[in-house]
Amino acid sequence: MATATNPDSSATSTFTSKDFKSDLKPIWCPGCGDFGVLQAIYRALAAIGRPPHEIAFISGIGCSSRIPGYTTAYGFNSVHGRSLPIAQGLKLARPELLVLAAGGDGDGFSIGGGHVPHAIRRNDDLTYIVMDNQTYGLTKGQLSPTSPKGQRTVTSAHGSLENPVNPLMYVLAYGASFVAQGTPADIPGLTAIIEEAIRFPGFAFVNVQSPCVTYGEENQQIKHHKAVMKKLESVGHDATSRIQALDKAQTYGTELLTGVFFRDPTPPPTLGALVRQRQEALMPNAAPRERILDLFVQR
Amino acid sequence: MSSTKGINFPTLSLKDALDLAILIEEEACERYQEFADQMEIHRTHEAAQFFRLMAGNEEKHRSELAARRVERFAAQPSSVTRSMIFDIEAPDYDEARAFMTERAALRAALRSEEKAYAFFVAALPQIKDDAVRALFEELRDEEVEHQELVRREIKKAPADPNLPDDDFGDEPVGQ
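In this text, all values refer to a predicted model and were calculated from it rather than measured experimentally.

1. Description of the overall build of chain B
- The number of helices and strands found in chain B is four helices and two strands.
- Scanning chain B from its N terminus toward the C terminus, one meets helices and strands in the order β-α-α-β-α-α.
- Over its C-alpha trace chain B gives a radius of gyration of 17 Å, about what one expects of a compact globule, namely 16 Å for 175 residues.
- Projecting the C-alpha coordinates of chain B onto the three principal axes gives extents of approximately 50 × 35 × 25 Å.

Okay, here's the thing in structure tokens:
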């Protein structure tokens, strides 16, 4: 392990990507976008500079939800769509841990779709990375919540009739304080986004358009991303404006804009901070521990 | 898509240039190993064998450069890190495909050698130090040799079946 000032970070990190890579070999299809996302996560964690035992990675079910197993951090490949409630519980119980949640678009916006607004409104200090491949890859390519209208899949042989969920609009509308999008076609750019999301104090959402090489269409592949992706900073975007972010987020599905859509310049307090504040406020009047049971007993 | 971050080429010392070259070979070696693992998992044995061979070549280049570095600068600390380079000689992740032919694997390797050559060609005009320039010229010329070697192998490789990529898709496997 080399000790060096990491140019990706303002902090001095003694970690390299290798420190976060586990011995388990990824079994994703060769060419899958998730390989690049994993690489970006290793690099971002190295730049952050916290040891693997201080990091926990919670996922749901799906191809991308295998990611905790491929890192040396603590990991829980949990239940379909339930990465966020588990991650929130963990963060409340162990606030000192750096907690990341990850999964696919089906896991996040269909099966677990109901958990996303609550994670946003609670605003715990989590980073949620969605690998949005616009299909259910692990179960062999069914229509997912973000599949484009007209997409032919095994469950939409004549093309999907449904409008896709727009993950960026979804989280922005519920008030998320940090919203970004990246692609494994630009791994250094994605690394910077993930690092910034982790450093953001509060719920941070990163949508990664991560192509499914097996069931995706040609215009969803990395080669296409390389040709069309455009950095938000190059189009004069003001990331401190939620209105501008909502406007740019409407391009989801037609353009590939990457970077930070919205970063709240005055982030609201996190749930953890509010809980600690409440505990401190109530502490002087708290009943002695041995008398707490009395509060529940009618005399 | 290769990139660098935080490298000041005009002030690059020979020690840092050697370290950079070592890191480039290390990155390529690791990526070829990853590709070989992917191919083995997805029953693409010829390509796996080729990528394993490429990983061995990159490791050989890395250890040769590392020996030169030790001889010249012993254990002096390095001031360049892996986070400063990205995919200079390592094949892009989307080059890999399940059931890719030996010829397709060779073509992926050729594109990587071309990327590395382009990196040294782009860096050279910025170099001020004579010893660093000589090293980068040497490395650039080696990339040309590697390209020729790979092109010769492509000529010898069995012809592609001329089927679209879609016909070679594999499905997710269990773990």
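2. Digging into the confidence of the model for chain B
- Mean pLDDT over chain B: 93, with 95% of residues reaching 70 or higher.
- Here the predicted complex scores 0.92 on pTM and 0.91 on ipTM.

3. Some words on the sheet that holds strand β6 (residues 126-132) of chain A
Residues and elements named next belong to chain A.
- The mixed open sheet is built from eight strands, whose spatial order is β4-β3-β5-β6-β8-β7-β10-β9. Either end of the sheet is taken by a strand with one partner, and the two such strands are β4 (74-77) and β9 (230-231).
- Pairing between strand β5 (residues 98-104) and β6: six bridges, direction parallel. Paired with Gly-104 across the strands is Met-131, a residue of β6.
- Along the sheet, helix α2 (residues 83-93) contacts β3 (55-59), β4, β5 and β6; its crossing angle with β5, the most-contacted strand, is approximately 175°.

4. Remarks on the interface of chain A and chain B
- The partner chain B presents 27 residues to the 29 residues of chain A that form the contact.
- Broken down by secondary-structure element, the contributors of at least two residues to the side of chain A that touches chain B are α1 (34-48), α6 (187-199) and α7 (222-228) of chain A.

5. Description of the nonpolar core
- Ranked by internal contacts, the top residues of the largest apolar core, which has 117 residues, are Val179(A), Ile194(A), Phe261(A) and Phe51(B).
- Residue contributions to this core peak at 13 residues, all from helix α1 (residues 14-41) of chain B.
- Residue contacts for Val179(A): discarding those within four places in its chain leaves Leu168(A), Val171(A), Leu172(A), Phe205(A), Ala245(A), Phe261(A) and Phe262(A).
- Judged by nonpolar contacts, the second largest core, of five residues, contains Ala185(A), Ile222(A), Met229(A) and Leu257(A).

6. Notes on the packing of helix α3 (residues 102-123) of chain B against helix α4 (residues 130-156) of chain B
Residues and elements named next belong to chain B.
- Viewed as axis vectors pointing N to C, α3 and α4 meet at an angle of 160°, and their least axial separation amounts to 9 Å. Taken as axis vectors, α3 and α4 run roughly antiparallel relative to one another. The two elements α3 and α4 meet at a crossing, and its hand is left-handed. Along the contact surface, α3 presents Arg-103, Leu-106, Arg-107, Ala-109, Leu-110, Glu-113, Glu-114, Ala-116, Tyr-117, Phe-120, Val-121 and Ala-123, while α4 presents Phe-136, Leu-139, Arg-140, Glu-143, Val-144, His-146, Gln-147, Val-150, Arg-151, Glu-153 and Ile-154.
- Its residues assigned to classes, the contact of α3 with α4 shows 13 nonpolar, two polar and eight charged.

7. Points about unusual backbone geometry
- At Asn123(A), a residue that is not glycine, the phi angle is positive and equals roughly 55°.
- Looking at the secondary structure, you find Asn123(A) in the loop between α4 (115-122) and β6.

8. Observations regarding α1(B)
- For α1(B), built from 28 residues, the straight-helix expectation of 40 Å at 1.5 Å per residue is met to within 8% by its first-to-last C-alpha distance of 41 Å.
- In terms of burial, α1(B) is a largely internal element, 21 of the 28 residues being buried.

Rules and cut-offs
Residue numbers restart at each chain and count upward from 1, following the sequence in its written direction. Ligands are numbered from 1 and chains lettered from A, in the order in which they are written. Reporting of local features is limited, given that this is a predicted model, to residues whose pLDDT is at least 70; pairs of side-chain atoms are given and counted only at 80 or more, and all residues count toward the totals for whole chains, interfaces and linings. Strands are runs of DSSP state E lasting at least 2 residues, helices are runs of H or I lasting at least 4, and numbering of each runs from the N terminus. Our radius of gyration is a C-alpha quantity, and the globule rule it is checked against amounts to 2.2 Å times the number of residues to the power 0.38. Scored between 0 and 100, pLDDT is the confidence that the predictor attaches to each residue. DSSP bridges decide pairing: two strands pair if at least two such bridges lie between them. Contact between two residues is assigned when their C-beta atoms, built from the backbone, lie within 7 Å. The convention used is that axes are lines fitted to C-alpha atoms, helices contributing only their stretch in contact, and that angles between N-to-C directions extend from 0 to 180 degrees. Here, a nonpolar core denotes buried Ala, Val, Leu, Ile, Met, Phe, Trp, Tyr and Cys residues that are linked to one another through C-beta atoms within 7 Å. Each residue is classified by how many other C-beta atoms fall within 10 Å of its C-beta atom, where C-beta atoms are placed from the backbone; a count of 20 or more means buried, 12 or fewer means exposed, and values in between mean partly exposed. To sort the angles, those under 35 degrees are grouped as roughly parallel, those over 145 as roughly antiparallel, those from 65 to 115 as roughly perpendicular, and the leftovers as oblique. What makes a crossing left-handed is the near helix being turned counterclockwise from the far one by less than a right angle; a clockwise turn instead makes it right-handed. For this scheme, ten residues count as nonpolar: Ala, Val, Leu, Ile, Met, Phe, Trp, Tyr, Cys and Pro. Four count as charged, namely Asp, Glu, Lys and Arg, and the remainder, Gly too, count as polar. Given the number of residues in a helix, its expected span is that number minus one, multiplied by 1.5 Å.

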